[in-house]
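Each chain is listed here by its residues.
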Amino acid sequence: KTTLLRLLAGLDEPTSGIIERAAGLRIGMVFQDLALWPNLTVLDNVAFALPNVPKPQRLQSARDALVACRVGEFASRKPGTLSIGQQQRVALARAIVACPQLLLLDEPFSSLDPLLREELMAEVRRLVGEINAALVLVTHDVFEALALARRIIVLEDARLAESGELVSLLAAPQSRLLVQFAAS
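Note that this is a predicted model, so its numbers are computed, not measured.

Visitor: Any chance you could explain the sheet that holds strand E1 (residues 27-30) here in plain terms?
Guide: By definition, the strands of a sheet pair up through backbone hydrogen bonds, in either a parallel or an antiparallel sense. What the 3 strands build is an open sheet, ordered E1-E2-E3; its pairing is parallel. Of all the strands in the sheet, just E1 and strand E3 (134-138) have a single pairing partner and so form its edges. With strand direction ignored, the average angle separating the axes of adjacent strands in the sheet is 15°. Summarising the sheet, strand E2 (residues 102-106) and E3 pair through 5 bridges and their orientation is parallel. Each bridged residue has a counterpart across the sheet, and for leucine 105 the counterpart in E3 is leucine 137.

This is the structure:
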């Protein structure tokens, strides 16, 4: 699943087949390990996503993204001094700072406690709506998928098991995973 996201982001090239991306498509990504630079401040971590923007605008955009993700007060701190939830928000700010049209999230809630997970999922829903981006979420948690998705793609053993509108899939599940979920 992570490989699929990396392919969509253009970070890896497929060994076979073709992935077509619209020219100029802006993509933001939150990596599973967050990939924050420990030696940079929170502000510089977010500004890093805008390398071709003049410094004053880059820093202002980074500040705005941090405020949108509710971590603006931590701009001068290093990521290692923040809680995991705050670090998740910084990674999310970096992913949205360039106003992506496609936002890729690689298990962004897996290390969070249930209360923080719910809070951050609500933040993601809000931010995706504000920036009007399409969202691709990789998760092992069916409830996370249900909370954020309209369409679902189920992968089992690295193969497409089924895909479609959430309501239709739950009404007549075909994959082992969704059959088990629907039965519970």
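Visitor: When you look at the packing of helix H4 (residues 84-96) against helix H5 (residues 114-131) in this model, what are you seeing that I'm missing?
Guide: Any two packed helices are characterised by the angle at which their axes cross and by the distance between the axes. Axis separation between H4 and H5 bottoms out at 11 Å; the angle between their running directions is 15°. In terms of their interaxial angle, H4 and H5 are classed as roughly parallel. Here H4 and H5 pass one another in a crossing that is right-handed. On H5, the residues that touch Gly85, Gln88, Arg89, Leu92 and Ile96 of H4 are Leu116, Glu119, Leu120, Glu123, Val124, Leu127 and Ile131. Residues belonging to the contact of H4 with H5 are distributed by class as follows: 7 nonpolar, 2 polar and 3 charged.

Visitor: Looking at this structure, how should I read unusual backbone geometry?
Guide: Most peptide bonds take the trans form, and the phi angle of most residues other than glycine is negative. In the Ramachandran plot, alanine 35 falls in the positive-phi region, its phi being about 55° despite a non-glycine side chain. Tracing the backbone shows alanine 35 in the loop between E1 and helix H2 (42-47). Backbone geometry places asparagine 132, a non-glycine residue, at a positive phi of 55°. As for its placement among the helices and strands, asparagine 132 is situated in the loop between H5 and E3.

Visitor: Quick question: what am I supposed to make of the pairing of strand E5 (residues 159-165) here?
Guide: A regular strand places its side chains on the two faces of the sheet in alternate fashion. With 6 bridges joining them, strand E4 (residues 151-156) and E5 adopt antiparallel strand pairing. Residue pairing for E5: isoleucine 153 is matched across the bridge by serine 163. Here E4 folds back onto E5 in antiparallel fashion, the turn holding 2 residues, of which aspartate 157 has a positive phi close to 55°.

Cut-offs applied
- Residues numbered from 1 in each chain as written.
- Predicted model: local features only at pLDDT ≥ 70, side-chain atom pairs only at ≥ 80, totals over all residues.
- Heavy atoms only, no water.
- Pairing = 2+ DSSP bridges.
- Helix = DSSP H or I, 4+ residues; strand = E, 2+ residues; numbered from the N terminus.
- Axes fitted to C-alpha atoms, helices over the stretch in contact; angles between N-to-C directions.
- Parallel < 35°, antiparallel > 145°, perpendicular 65-115°, else oblique.
- Left-handed = near helix turned anticlockwise from the far one by under 90°.
- Contact = heavy atoms within 4.5 Å.
- Nonpolar A, V, L, I, M, F, W, Y, C, P; charged D, E, K, R; others polar.

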